[in-house]
Amino acid sequence: MENPELGPDEEGQEPANLRFLRRLVTVLTATMIGGVLLIIFLIVMRFNDPAPDLPTEITLPGDARAISFTQGPDWYAVVTDNDEILIFDRVTGQLEKTISVQ
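As the structure is a computational prediction, the values presented were derived from the model and not from experiment.

Definitions and limits used
- Residues numbered from 1 in each chain as written.
- Predicted model: local features only at pLDDT ≥ 70, side-chain atom pairs only at ≥ 80, totals over all residues.
- Heavy atoms only, no water.
- Phe/Tyr/Trp six-rings, centres within 6.5 Å; stacked < 30°, edge-to-face > 60°.
- Buried < 20%, exposed > 50% of the residue type's maximum accessible area, 1.4 Å probe, protein only.
- Salt bridge = Lys/Arg side-chain N within 4 Å of Asp/Glu carboxyl O.
- Helix = DSSP H or I, 4+ residues; strand = E, 2+ residues; numbered from the N terminus.
- Contact = heavy atoms within 4.5 Å.
- Pairing = 2+ DSSP bridges.
- Axes fitted to C-alpha atoms, helices over the stretch in contact; angles between N-to-C directions.

Draft legend 1. Representation of the packing of aromatic side chains in the model. On inspection of all chains with the given rule, the structure shows 2 aromatic pairs. Relative to Y76, the ring of F69 lies with its centre 5.8 Å away and its plane at 35 degrees, an arrangement referred to as tilted. On the basis of relative accessible area, Y76 is assigned to the buried category, the value being 3%. Centre to centre, the rings of Y76 and F88 are 5.3 Å apart; their planes meet at 15 degrees, and the pair counts as stacked.

Draft legend 2. Representation of the pattern of salt bridges. Following the criterion strictly, the structure yields 2 salt bridges and no others. Where E14 meets R22, a salt bridge forms, and the shortest distance between an N and an O atom there is 2.9 Å. According to the relative accessible area criterion, E14 is partly exposed, its value standing at 25%. Judged by its relative accessible area of 49%, R22 is partly exposed. Note that D81 and R65 form a salt bridge whose closest N and O atoms lie 3.7 Å from each other. Taken together, the residues D81 in the loop between β2 (75-80) and β3 (84-89) and R65 in the loop between α1 (16-47) and β1 (66-71) connect sequence positions 16 residues apart. Of the residues examined, R65 reaches a relative accessible area of 59% and is grouped as exposed.

Draft legend 3. Broad picture of the environment of I85. Here I85 is to be found in strand β3. Beyond its immediate stretch of four places on either side in the chain, I85 contacts A77, V78, V79, K97, T98, I99 and V101.

Draft legend 4. Region of the structure containing unusual backbone geometry. In this model, D83 sits at a positive phi of 60 degrees, which is unusual for a non-glycine residue. Assignment of secondary structure puts D83 in the loop between β2 and β3. Note on D83: relative accessible area 48%, which makes it partly exposed.

Draft legend 5. Seen up close, the sheet that holds strand β4 (residues 95-100). Read across the open sheet, the 4 strands follow the order β1-β2-β3-β4; overall the sheet is antiparallel. The strands lining the two open edges of the sheet, one partner per strand, are β1 and β4. Going from strand to strand, the sheet's axes swing by 20 degrees on average, the running direction of each strand aside. Bridge count for β1 against β2 is 5 bridges, and the pairing is antiparallel. Of the residues in β2, the one forming a bridge with T70 is A77.

Written as structure tokens, this is what we have:
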């Protein structure tokens with residue numbers, strides 16, 4: 001069997017489904033590139049934020065030693081080797097609460 005020859009109008013045309021898929025792939029590619037650029041931009045902006053202020057000195061009660069430190073907007077906390085969490089006021093530096101961890 002021989003293939004019928006295509007006329008001059010039919011030679012450059014592609015099926016509608018193929019045209020749709022080509023446009024869909026182009027849109028998805030542009031969306032992915034935009035998303036990656038947005039993520040990179042957000043990471044760069046996040047790392048340019050100034051570091052939070054840390055207290056210069058923390059006085060722990062008794063013979064406790066600090067194991068870890070965390071902070072919130074108006075407080076900071078120290079976990080000690082005595083299985084306690086000490087919560088301090090950020091402005092005054094005074095001990096506000098002691099939580100025992102069992």
